[in-house]
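A structural walkthrough
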Amino acid sequence: MGRLIQADRRATLTEITTRYNRGMQQSIFEATTRTTLRRMGYNSRRPHRVPLISTTNRKKRLQFAQAHQNWTVEDWKNVAWSDDSRFLLRHSDGRVRIWRKQNENMDPSCLVTTVQAGGGGVMVWGMFSWHTLGPLVPIGHRLNATAYLSFVSDHVHPFMTTMYPSSDGYFQQENAPCHKARIISNWFLEHDNEFTVLKWPPQSPDLNPIEHLWDVVEQELRALDVHPTNLHQLQDAILSIWANNSKECFRHLVESMPRRIKAVLKAKGGQTQY
């Protein structure tokens, strides 16, 4: 039965029982299969959703981790993290389930790969560092290079110069096409004496602690006594939750960076638990 699970993590209880009974002189019922699997330590769980990482990007992630493996928490305090996220009014629970043991959550056969997608709901862009939460800005339309330039000049620049007046700060951004546009690169080049843009590896949401802040916002949204019924209410709720995020929460996320780097090194650039 263990070999059947290893061969197909997504098999249903009925399928496992049917496959087990093939060629057996005495068949078993599904209840016996369920009891046996539980005794073996298996439970039906939802798989972790992780980005599908190409071989090239695995190498880049590993190179980044190797270059920063000696960074301490004090070093990571000099980084300002940024990203955008989408929040929906309604959610779908139609997710697949797989059989795994408690310690197999990151086993490749227990993962469901995802790709980034956009559209719908409320989009926001935000940034923060160990020192403080930065601005959270609603995005009313698709973010292009021109719009992102206004974000950089209106929000990133004053945040970096205020938080890191000694010009020892690093600004982190994802690898979206608008972030790599020439007008953006030229702007950062003109201000490279004030702060440094962190060279960020692609497909690395597990290395960006702001992803966990988005999770906090999502959890708080779902825990509201009165749920938003339209996009305006949803936006107001997101902004309120962000502004009331505890300092202990986002500081703890930054302090996890050395562990995240070690996890990428251990995975040789592959997916991690973060």
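Rules and cut-offs
Residues numbered from 1 in each chain as written. Predicted model: local features only at pLDDT ≥ 70, side-chain atom pairs only at ≥ 80, totals over all residues. Heavy atoms only, no water. Helix = DSSP H or I, 4+ residues; strand = E, 2+ residues; numbered from the N terminus. Buried < 20%, exposed > 50% of the residue type's maximum accessible area, 1.4 Å probe, protein only. Contact = heavy atoms within 4.5 Å. Areas by Shrake-Rupley, 256 points an atom, 1.4 Å probe, with all protein chains shown as cover. Lys, Arg positive; Asp, Glu negative; His and termini not counted. Charge placed at Lys NZ, Arg CZ, Asp CG, Glu CD. Phe/Tyr/Trp six-rings, centres within 6.5 Å; stacked < 30°, edge-to-face > 60°. Core = buried A, V, L, I, M, F, W, Y, C linked by side-chain atoms within 4.5 Å. Polar contact = N/O pair within 3.5 Å; in protein donor to acceptor, adjacent residues only side chain to side chain. Axes fitted to C-alpha atoms, helices over the stretch in contact; angles between N-to-C directions. Parallel < 35°, antiparallel > 145°, perpendicular 65-115°, else oblique. Left-handed = near helix turned anticlockwise from the far one by under 90°. Nonpolar A, V, L, I, M, F, W, Y, C, P; charged D, E, K, R; others polar.

**Here's the deal with the overall build of the chain**
Along the backbone of the chain there are 11 helices and nine strands. For the chain, the C-alpha atoms occupy an extent of roughly 75 × 45 × 35 Å along the three principal directions. For the chain, the proportion of its 274 residues judged to be buried stands at 39%. Partitioning the intrachain contacts of the chain with sequence separation of at least 6 by distance along the chain shows that 79% fall at a separation of at least 24. Element-wise, carbon and sulfur atoms account for 48% of the exposed surface of the chain, whose accessible area totals about 15500 Å². One finds the centroid of the 34 positive side-chain charges in the chain at a distance of 12 Å from the centroid of its 25 negative side-chain charges.

**A look at the packing of aromatic side chains**
In this structure the tally under the stated criterion is 13 aromatic pairs. With centroids separated by 6.1 Å and ring planes inclined at 70°, the aromatic side chains of F128 and F250 adopt a geometry described as edge-to-face. Of this pair, F128 sits in strand β6 (residues 122-128) while F250 sits in helix α10 (residues 247-255); the two residues are 122 residues apart in sequence, bridging distant segments of the chain. The class of F128 is buried, set by a relative accessible area of 0%. Since its relative accessible area comes to 4%, F250 is described here as buried. Each member of the aromatic cluster is reached from another via a ring pair, and the members are F64, W71, W76, W81, Y170 and W200.

**Remarks on unusual backbone geometry**
The residue S167 is not glycine, and still its phi comes out positive at about 65°. With respect to the element layout, S167 can be found in the loop between α6 (145-163) and β8 (170-171). For S167, a relative accessible area of 33% translates into the label partly exposed. Phi at Q203 takes a positive value of approximately 50°, unusual for a residue other than glycine. Residue Q203 is classed as partly exposed on the basis of its relative accessible area of 27%.

**So, the nonpolar core**
In this structure, W76, W81, F128, L213, L221, I238 and W242 are the most contacted members of the largest nonpolar core, which totals 32 residues. Of all the secondary structure elements, the ones that give two or more residues to this core are α4 (55-67), β3 (79-87), β6, β7 (133-139), α8 (210-222), α9 (231-243), α10 and α11 (257-266). With 22 residues, the next largest nonpolar core counts A145, F151, F171 and F188 among its residues.

**Remarks on the side chain of T17**
Residue placement: T17 occurs in helix α2 (residues 13-21). According to the relative accessible area criterion, T17 is buried, its value standing at 5%. There is a polar contact of 2.8 Å between the side chain of T17 and the side chain of T33. Here T17 is in contact with I28, F29, E30 and T33, once residues within four sequence places are set aside.

**Brief notes about the packing of α4 against α11**
Where α4 meets α11, the axes come as close as 9 Å, and the angle between the chain directions of the two elements is 135°. Looking at the two axes, α4 sits oblique to α11. Of the two elements, α4 crosses α11, and the hand of that crossing is left-handed. For the pair formed by α4 and α11, the contact residues are R61, L62, F64, A65 and Q66 on the first element and I261, V264 and L265 on the second. Here the residues of the contact of α4 with α11 sort into six nonpolar, one polar and one charged.

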